[in-house]
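Remarks on the overall topology
Here is how the chains run, residue by residue.
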Amino acid sequence: MRYTDVPRYDDGMKTFTAVVFAVLLACMSATSLVAAGRPEPAPPAGSYRIGVFVPGVVDGSPTYEMLVRGVRQGAQEHSNVTVTVVEGGFNQSTWEESLTSMAASRRYDLIVTSNPSMPQLAEAVAAVVPDVQFLIMDGHLTGNERIHTILFNQREQAFLSGYFAGLVTTSGMPGANNRRRIGLLAGQEYPIMNEVILVGYREGAHRVDPQIAVDFRVLGNWFDAGQAQEIAADMMTLGSDVILTIAGGGNQGVVSAARERGTYVLWYDDTGYDEAPGIVVGSSLVRQDNATYHATVAAIRGEIPWGTATILGVADDAVGFDLEHPEFLAAVPPHLVGEMEAILHELRTGQVTLEMPIPGQ
Amino acid sequence: MIGQILQSSSLLLLIALGGLVSERSGILNIGLEGFITVGAFVAIALRVSGVPPVAALALTALAGLLPALLFGLFALRWDANPFIVGLAINLLAAGVTPLMSEVFFGTRGSIRLSGGGGVGIWSVSVTAVVALAVVHAGLYRTLPGLRLRIAGEQPEWLRAHGAGVRRYQLLGLLVSGVTASIAGGLLSLRIGAYLPNVSAGRGWIALVIIYLGYRKPLGVGAAALFFGLVEAMAVRAQAVVAVPPTVLLALPYVVTVFAFVSYSAWRRLHQQEPR
């Protein structure tokens with residue numbers, strides 16, 4: 001019997017309701033306008049036009065902030081280069097359509113993007129849209145004469161994180177317990193996570209002590225910080241005193257759980273010490289801004305070897321570990337800092353070599 | 001493990017209890033997801049502005065009245081379809097909070113509190129238990145609670161006796177607005193940040209829990225506890241069972257649906273038995 005007391009609409013009321021909803025939707029559209037960024041002036045004739053396709057949004061994503069910063073830095077050195085940033089949003093199913101529209105608009109000579117899934121999408125777009133070239137960071141593809149990819153040696157990066165986690169869990173740091181157990185929380189499972197990052201993390205920890213156990217968990221998405229907090233709390237209950245979190249927005253939940261229980265968190269890809277001083281005690285880095293800057297300059301100068309793929313690591317100064325941040329130096333004992341400097345030196349000089357496996361091959 | 005179960009279930013219980021009150025008044029509040037988002041944003045915005053945690057939560061509860069009043073304005077005064085209004089509230093919250101975030105904090109991404117939200121581990125569980133007692137007593141021990149239930153089941157009777165139906169439906173919406181907003185506030189304060197998508201579907205799961213609990217406060221409490229139990233088991237299983245984590249992530253939903261179907265079948269069989 002419920003809802004039966006609701007009277008029928010009359011036409012005037014329908015119109016009124018529609019108008020009010022239209023106003024509300026207009027408010028939401030304003031958000032989209034903000035998201036799209038401000039329109040840039042029309043490029044001068046003969047210019048080199050770069051479009052940056054962000055598969056997500058720039059704000060709050062250090063990876064994409066570095067991507068945009070690298071492209072802009074490279075473009076600033078050339079007077080005839082324009083840069084437009086297009087955000088693809090979080091709905092992955094729309095990225096190919098957005099990328100196709102962008103390429104087909106004929107407003108770009110080069111599209112720069114970053115994400116492991118982008119090479120396949122760019123290849124599909126390149127098959128139907130002529131002329132545009134694609135520079136893709138954090139992806140891998142060879143054999144397409146209009147695509148160049150740059151992949152970072154994440155095995156080295158994860159190794160550094162695992163090595164540091166091993167040092168922390170075996171140390172006398174206040175938040176370390178006597179169990180030799182460390183954690184890794186991933187947003188989702190994907191080939192690089194399962195075949196490269198987890199493997200490298202374990203290799204790093206076992207270089208410190210082969211008895212260290214790695215507790216690997218998956219959040220199931222990249223945004224549910226509440227669930228991440230609960231998973232991290234369970235990992236800590238089982239003895240993990242340091243957790244590497246690669247869970248996007250979920251990272252905040254891990255930090256919160258560590259704050260409540262006095263344990264430690266490791267950041268991935270960018271410096272995270274300021275997120276929670278004394279809790280985030282280690283940050284392995286991918287210097288995507290540097291790599292993107294150099295690649296952008298090379299593209300502008302016509303020096304990119306199209307159709308090939310590049311892999312950059314510690315020796316190229318594209319992968320590293322932030323050992324200089326004041327919060328790191330305040331939280332970590334000097335002998336652990338020395339251990340990290342030593343392992344970085346060994347990776348840089350080739351005394352330790354960790355080849356990056358190509359996902360899916 | 002018990003702590004994990006309580007943590008998993010309390011937030012859902014809090015949201016579901018408000019949704020239950022609205023549902024019992026005859027309006028299924030599809031907009032819970034949006035209410036949570038609003039609460040999560042307002043609580044962090046207040047804390048960033050220097051408001052203490054308890055005062056921030058109290059103001060967050062009041063902020064939850066706004067989307068509830070908006071819902072009531074459309075659904076009760078202007079007779080819009082409650083389902084459409086609920087969906088519109090969800091979309092509106094998803095669109096307006098990034099806009100407000102951009103305007104006030106210069107970012108559409110996360111807003112973090114450097115020292116955490118200032119609420120304790122057990123804050124959500126304590127609030128949920130208090131809410132359970134209040135909702136149960138309110139629905140079954142007070143005259144407005146009785147009338148609210150009649151508004152949902154026999155509105156003609158209420159109308160025939162000179163009592164307005166819509167005032168009780170509005171009351172239900174306001175209660176759901178307050179509880180969902182407090183839940184959103186507690187969620188973001190415990191995390192110590194407002195993040196896009198922070199509600200993560202909890203409003204939808206809460207709606208399911210209302211029906212799993214047979215539309216009764218104690219039933220909803222049991223259903224939330226059961227969901228929390230299965231979720232905590234799935235989290236723990238990732239560490240101790242050699243099954244791909246992605247498979248285990250679906251476990252709470254599969255087990256809950258299976259349990260619900262089994263219980264419904266058992267209950268129906270039991271009711272059909274001759275006395």
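Residues numbered from 1 in each chain as written. Chains lettered and ligands numbered in written order. Predicted model: local features only at pLDDT ≥ 70, side-chain atom pairs only at ≥ 80, totals over all residues.

**Let's talk about the overall build of chain B**
Counting its regular elements, chain B contains 13 helices and two strands. Relative to a compact globule of 275 residues, whose C-alpha radius of gyration would be 19 Å, chain B shows 19 Å and is just as compact. A principal-axis box enclosing the C-alpha atoms of chain B has dimensions of 60 × 50 × 30 Å. Expressed as a percentage of its 275 residues, the buried residues of chain B come to 56%. Long-range contacts, defined as pairs at least 24 residues apart, comprise 79% of the intrachain contacts of chain B with a sequence gap of at least 6. (Helix = DSSP H or I, 4+ residues; strand = E, 2+ residues; numbered from the N terminus. Rg over C-alpha atoms; globule rule 2.2 N^0.38 Å. Buried ≥ 20, exposed ≤ 12 C-beta atoms within 10 Å, placed from the backbone. Contact = placed C-beta atoms within 7 Å.)

**Concerning the domain arrangement of chain A**
All names here are of chain A. Each assigned domain of chain A is listed here: domain 1 (48–153 + 289–312) and domain 2 (154–285 + 315–349). Using only C-alpha atoms to locate each centre, domain 1 and domain 2 end up separated by 29 Å. Contacts between the two partners involve eight residues from domain 1, matched on the other side by 10 residues from domain 2. Residue composition of the side of domain 1 that touches domain 2, by class: five nonpolar, three polar and no charged. (Domains from an automatic or database assignment. Nonpolar A, V, L, I, M, F, W, Y, C, P; charged D, E, K, R; others polar.)

**Examining the nonpolar core**
Across soluble globular proteins, you tend to see nonpolar side chains buried next to one another. Grouped together as the largest cluster of nonpolar side chains are 195 residues, with contacts concentrated most on Ala232(A), Val265(A), Ala16(B) and Ile209(B). Apart from residues lying up to four places away in sequence, Ala232(A) is in contact with Leu185(A), Ile243(A), Gly253(A), Val254(A), Ala257(A) and Ala258(A). (Core = buried A, V, L, I, M, F, W, Y, C linked by C-beta atoms within 7 Å.)

**Observations regarding helix α11 (residues 334–349) of chain A**
All names here are of chain A. Its 16 residues give α11 an end-to-end C-alpha distance of 23 Å, which sits within 8% of 22 Å, the value for a rise of 1.5 Å per residue. Contacts from the buried residues of α11 go to α5 (154–169) and β12 (319–321). The positive-phi residue at the C-terminal boundary of α11 is Gly-350, with phi of around 85 degrees. (Expected span 1.5 Å × (residues − 1).)

**Considering helix α9 (residues 288–300) of chain A**
Residues and elements named next belong to chain A. With 13 residues, α9 should cover 18 Å at 1.5 Å per step; its first-to-last C-alpha distance of 18 Å lies within 8% of that length. Looking only at α9, the buried set comprises Gln-288, Asp-289, Ala-291, Thr-292, Tyr-293, Ala-295, Thr-296 and Ala-299. On its buried face, α9 sits against α2 (62–76), β3 (110–114), β4 (133–137), β5 (147–152), β10 (280–286) and β11 (309–312). Just beyond α9, the residue with positive phi is Gly-302, at close to 75 degrees.

**Points about the packing of α5(A) against α11(A)**
Two quantities define a packed helix pair, namely the angle between the helix axes and the distance between the axes. Residues and elements named next belong to chain A. It is the contact of α5 with α11, at a shortest axis distance of 11 Å, that shows an interaxial angle of 155 degrees. On the basis of the axis angle, α5 is roughly antiparallel to α11. For α5 against α11, the interelement crossing comes out right-handed. The segment α5 lies against α11, with Glu-156, Tyr-163, Phe-164 and Leu-167 engaging Leu-336, Glu-339, Met-340, Ile-343 and Leu-347. Each residue belonging to the contact of α5 with α11 can be placed in one class, and the counts come to seven nonpolar, no polar and two charged. (Axes fitted to C-alpha atoms, helices over the stretch in contact; angles between N-to-C directions. Parallel < 35°, antiparallel > 145°, perpendicular 65-115°, else oblique. Left-handed = near helix turned anticlockwise from the far one by under 90°.)

**What to know about the pairing of β10(A)**
Residues and elements named next belong to chain A. Of all seven residues that make up β10, seven are buried, and the element is covered over most of its length. When strand β9 (residues 264–269) meets β10, the two strands line up parallel, connected through five bridges. Following the sheet pairing, Val-265 is matched in β10 by Val-280. Relative to β12, β10 is paired through three bridges, and the arrangement is antiparallel. Its bridge partner being in β12, Leu-285 is matched across the sheet by Gly-320. (Pairing = 2+ DSSP bridges.)

**Concerning the environment of Gly56(A)**
All names here are of chain A. Its place among the elements puts Gly-56 in the loop between β1 (48–54) and α2. Each C-alpha atom of the pair Gly-56 and Leu-285 lies 20 Å from the other, and the pair is 229 residues apart in sequence. Aside from chain neighbours lying at most four places away, what touches Gly-56 is Ser-61, Tyr-64, Gly-88 and Phe-90.

**Quick word on the sheet that holds strand β2 (residues 81–87) of chain A**
Residue and element names in this part refer to chain A. Pairing in this open sheet of six strands is parallel, and the strands run β2-β1-β3-β4-β5-β11 from one edge to the other. Where the open sheet ends on each side, the last strands, each with one partner, are β2 and β11. Pairs of neighbouring strands in the sheet enclose a mean axial angle of 15 degrees, with direction left out of account. Strands β1, β2, β3 and β4 of the sheet are contacted by α2, whose axis makes an angle of about 175 degrees with β1. In the packing of α9 onto the sheet, contacts are made with β1, β2, β3, β4, β5 and β11, and the angle to β4 comes to roughly 160 degrees.

**Some thoughts on the sheet that holds strand β7 (residues 213–218) of chain A**
Residue and element names in this part refer to chain A. In spatial order, the strands read β7-β6-β8-β9-β10-β12; together these six strands make up an open sheet with mixed pairing. Looking at strand neighbours, the two that pair on one side only are β7 and β12, the edges of this open sheet. Between one strand and the next, the sheet's axes are offset by a mean angle of 20 degrees, whatever the strand orientation. On top of the sheet, helix α7 (residues 225–237) reaches β6 (181–186), β7 and β8 (242–246); it is set at about 165 degrees to β6, its chief contact.

**Some points on the packing of helix α6 (residues 123–141) of chain B against helix α11 (residues 217–240) of chain B**
Residue and element names in this part refer to chain B. With their axes 9 Å apart at the nearest point, α6 and α11 run at an angle of 155 degrees to one another. Between α6 and α11, the angle is such that the two are roughly antiparallel. Contacts between α6 and α11 involve Leu-132, Val-135, His-136 and Leu-139 on the former and, on the latter, Pro-217, Leu-218 and Gly-221.

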